Amino acid sequence: MDELELEFELNSRLEQDCITLGDFPLSRLLLLNDANFPWFILVPKRVDVSEIYHLSLADQAQLLHESSFLAENLHDVFDADKMNIAAIGNMVKQLHLHHIVRYETDAVWPAPVWGALPATPYTDAQIQEIHHKLQMMMPQEVNFVASNLLN
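Now for a quick tour of the structure. Throughout this description, residue numbers start from 1 for each chain and increase along the sequence as written. A pLDDT threshold of at least 70 governs which residues receive local features in this predicted model, and a stricter bar of 80 or more applies before side-chain atom pairs are shown or counted, although totals over entire chains, interfaces and linings include all residues. To obtain the side-chain values, all non-hydrogen atoms of the structure were used and water was disregarded.

**Some points on helix α4 (residues 124-137)**
Here is step 1: By definition, any uninterrupted DSSP run of H or I lasting at least four residues is a helix, any uninterrupted run of E lasting at least two residues is a strand, and each is numbered from the N terminus. Take the residue count of a helix, subtract one, and multiply by 1.5 Å to get its expected span. Over its 14 residues, α4 extends 20 Å from the first C-alpha to the last, a length consistent with the 20 Å expected when each residue adds 1.5 Å.
Here is step 2: Each residue's exposure class comes from its accessible area (1.4 Å probe, protein chains only) as a fraction of the maximum for that residue type: buried when under 20%, exposed when over 50%, partly exposed otherwise. Among all positions in α4, only Ile127, Ile130, His131 and Leu134 are buried. Along the axis of α4, the buried residues cluster in a sector spanning 100 degrees; they form a single face. Summarising the geometry of α4, the exposed residues directed more than 90 degrees from the buried face are Ala125 and Met136.
Here is step 3: Contacts are assigned to residue pairs that have any heavy atoms within 4.5 Å of one another. Residues of α4 that are buried sit in contact with β1 (18-23), β2 (27-32), β3 (39-44), α3 (57-78) and β6 (143-144). Note: the arc covers the axis-to-C-beta directions of the helix.

Listed below in C-alpha coordinates is the structure:
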(Lines give C-alpha, C1' and ligand atoms only; values in the text may rest on other atoms or scores of the structure.)
Protein backbone atom coordinates (compact mmCIF):
# COMPACT_ATOMS: atom_id res chain seq x y z
CA MET A 1 0.00 0.00 0.00
CA ASP A 2 1.53 3.31 -1.01
CA GLU A 3 1.11 6.79 0.44
CA LEU A 4 -1.50 7.83 -2.14
CA GLU A 5 -3.69 4.87 -1.25
CA LEU A 6 -3.34 5.57 2.48
CA GLU A 7 -4.67 9.11 1.92
CA PHE A 8 -7.51 7.93 -0.39
CA GLU A 9 -10.99 9.02 0.64
CA LEU A 10 -14.13 8.08 -1.26
CA ASN A 11 -16.20 11.01 -2.50
CA SER A 12 -19.17 11.63 -0.17
CA ARG A 13 -21.72 11.31 -2.98
CA LEU A 14 -20.34 7.91 -3.98
CA GLU A 15 -20.26 6.93 -0.31
CA GLN A 16 -23.92 7.94 0.06
CA ASP A 17 -25.23 6.39 -3.18
CA CYS A 18 -23.24 3.15 -3.27
CA ILE A 19 -22.52 -0.06 -1.42
CA THR A 20 -18.86 -1.00 -1.03
CA LEU A 21 -18.25 -4.55 -2.24
CA GLY A 22 -14.46 -4.73 -2.00
CA ASP A 23 -11.15 -3.68 -3.47
CA PHE A 24 -9.17 -4.59 -6.54
CA PRO A 25 -5.42 -3.91 -6.22
CA LEU A 26 -5.97 -0.36 -7.55
CA SER A 27 -9.69 0.35 -7.33
CA ARG A 28 -12.56 0.25 -4.87
CA LEU A 29 -15.53 -1.75 -6.23
CA LEU A 30 -18.93 -0.20 -5.55
CA LEU A 31 -22.51 -1.17 -6.34
CA LEU A 32 -24.82 1.76 -7.05
CA ASN A 33 -27.81 1.30 -4.75
CA ASP A 34 -30.34 1.20 -7.57
CA ALA A 35 -31.92 -2.15 -8.40
CA ASN A 36 -33.25 -0.85 -11.74
CA PHE A 37 -29.91 -1.71 -13.35
CA PRO A 38 -26.90 -3.79 -12.24
CA TRP A 39 -24.57 -0.77 -11.98
CA PHE A 40 -21.06 -1.02 -10.62
CA ILE A 41 -18.39 1.62 -10.15
CA LEU A 42 -14.61 1.36 -9.97
CA VAL A 43 -12.81 4.16 -8.11
CA PRO A 44 -9.01 4.19 -8.25
CA LYS A 45 -7.69 4.56 -4.70
CA ARG A 46 -5.59 7.59 -5.55
CA VAL A 47 -5.75 11.13 -4.16
CA ASP A 48 -6.71 14.12 -6.30
CA VAL A 49 -7.30 12.16 -9.50
CA SER A 50 -10.15 13.25 -11.74
CA GLU A 51 -8.99 11.97 -15.13
CA ILE A 52 -7.47 8.70 -16.31
CA TYR A 53 -4.42 10.55 -17.64
CA HIS A 54 -3.73 11.81 -14.12
CA LEU A 55 -2.81 8.24 -13.15
CA SER A 56 0.71 6.90 -13.61
CA LEU A 57 1.19 4.70 -16.67
CA ALA A 58 1.27 1.64 -14.42
CA ASP A 59 -2.00 2.68 -12.74
CA GLN A 60 -3.59 3.36 -16.14
CA ALA A 61 -2.71 -0.17 -17.24
CA GLN A 62 -4.00 -1.61 -13.95
CA LEU A 63 -7.27 0.32 -14.24
CA LEU A 64 -7.79 -0.96 -17.79
CA HIS A 65 -7.13 -4.50 -16.57
CA GLU A 66 -9.54 -4.17 -13.63
CA SER A 67 -12.23 -2.55 -15.78
CA SER A 68 -11.98 -5.19 -18.50
CA PHE A 69 -11.92 -8.01 -15.97
CA LEU A 70 -14.95 -6.59 -14.15
CA ALA A 71 -16.89 -6.01 -17.37
CA GLU A 72 -16.25 -9.53 -18.63
CA ASN A 73 -17.34 -11.07 -15.32
CA LEU A 74 -20.41 -8.83 -15.01
CA HIS A 75 -21.39 -9.76 -18.55
CA ASP A 76 -21.19 -13.45 -17.63
CA VAL A 77 -22.76 -13.21 -14.15
CA PHE A 78 -25.71 -11.08 -15.30
CA ASP A 79 -26.02 -12.50 -18.84
CA ALA A 80 -25.80 -8.98 -20.29
CA ASP A 81 -26.79 -7.98 -23.79
CA LYS A 82 -24.39 -5.02 -23.57
CA MET A 83 -21.93 -3.55 -21.06
CA ASN A 84 -21.89 0.25 -20.84
CA ILE A 85 -18.63 1.59 -19.44
CA ALA A 86 -18.04 5.30 -18.92
CA ALA A 87 -15.99 7.83 -17.00
CA ILE A 88 -18.16 10.95 -17.06
CA GLY A 89 -17.39 12.75 -13.80
CA ASN A 90 -19.62 15.79 -14.18
CA MET A 91 -21.42 15.32 -10.84
CA VAL A 92 -18.53 13.64 -8.97
CA LYS A 93 -15.10 14.94 -9.89
CA GLN A 94 -13.23 11.98 -8.33
CA LEU A 95 -12.23 9.55 -11.09
CA HIS A 96 -14.69 6.67 -11.27
CA LEU A 97 -15.71 4.27 -14.03
CA HIS A 98 -19.32 3.19 -14.38
CA HIS A 99 -19.97 -0.41 -15.46
CA ILE A 100 -23.65 -0.83 -16.27
CA VAL A 101 -25.19 -4.12 -17.31
CA ARG A 102 -27.75 -3.48 -20.04
CA TYR A 103 -30.47 -5.63 -21.52
CA GLU A 104 -32.45 -5.01 -24.68
CA THR A 105 -35.50 -5.61 -22.48
CA ASP A 106 -34.61 -3.07 -19.74
CA ALA A 107 -37.01 -0.22 -19.05
CA VAL A 108 -35.08 2.45 -20.97
CA TRP A 109 -33.24 0.50 -23.70
CA PRO A 110 -31.56 1.78 -25.81
CA ALA A 111 -31.50 5.20 -24.10
CA PRO A 112 -28.93 6.11 -21.40
CA VAL A 113 -29.79 5.09 -17.83
CA TRP A 114 -28.70 8.33 -16.13
CA GLY A 115 -31.75 9.92 -14.50
CA ALA A 116 -34.14 7.78 -16.55
CA LEU A 117 -35.92 6.19 -13.57
CA PRO A 118 -36.19 6.95 -9.86
CA ALA A 119 -33.68 4.85 -7.90
CA THR A 120 -35.03 1.68 -6.33
CA PRO A 121 -32.79 0.65 -3.41
CA TYR A 122 -31.65 -2.96 -3.23
CA THR A 123 -33.00 -5.21 -0.52
CA ASP A 124 -30.49 -6.82 1.82
CA ALA A 125 -31.19 -10.17 0.15
CA GLN A 126 -30.47 -8.74 -3.32
CA ILE A 127 -27.19 -7.23 -2.10
CA GLN A 128 -26.17 -10.52 -0.52
CA GLU A 129 -26.97 -12.39 -3.76
CA ILE A 130 -24.91 -9.98 -5.90
CA HIS A 131 -22.07 -10.06 -3.40
CA HIS A 132 -22.08 -13.87 -3.42
CA LYS A 133 -22.20 -14.14 -7.24
CA LEU A 134 -19.27 -11.76 -7.67
CA GLN A 135 -17.30 -13.38 -4.88
CA MET A 136 -17.69 -16.74 -6.63
CA MET A 137 -16.60 -15.34 -10.01
CA MET A 138 -13.71 -13.14 -8.88
CA PRO A 139 -12.22 -14.59 -5.68
CA GLN A 140 -8.57 -13.98 -6.62
CA GLU A 141 -8.89 -10.47 -8.04
CA VAL A 142 -11.04 -8.70 -5.43
CA ASN A 143 -10.59 -8.40 -1.68
CA PHE A 144 -14.30 -8.50 -0.84
CA VAL A 145 -15.61 -6.92 2.34
CA ALA A 146 -17.37 -9.35 4.63
CA SER A 147 -20.96 -9.75 3.42
CA ASN A 148 -22.36 -9.05 6.89
CA LEU A 149 -20.55 -5.68 6.88
CA LEU A 150 -22.12 -4.34 3.68
CA ASN A 151 -23.39 -0.82 4.19
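We are not done yet, so read on.
**Some remarks on a negative patch on the surface**
Here is step 1: On the surface, a cluster of negative charge is made up of Glu72, Asp76, Asp79, Asp81 and Glu104.
Here is step 2: As for its position among the elements, Asp79 is in the loop between α3 and β4 (82-86).
Here is step 3: On the basis of relative accessible area, Asp79 is assigned to the exposed category, the value being 60%. Two joining distances apply to patches: 9 Å for like charges and 5 Å for nonpolar side chains (Val, Leu, Ile, Met, Phe, Trp, Tyr), and every residue must have over 30% relative accessible area and no salt bridge. For the area figures, the Shrake-Rupley method with a 1.4 Å probe applies, and any residue is considered shielded solely by the protein chains shown. Definition used for salt bridges: Asp or Glu carboxyl oxygen within 4 Å of a side-chain nitrogen of Lys or Arg. Within this scheme the basic residues Lys and Arg register as positive and the acidic residues Asp and Glu register as negative, but His and the chain ends are omitted. For charged residues, the charge sits on one atom: NZ in Lys, CZ in Arg, CG in Asp, CD in Glu.

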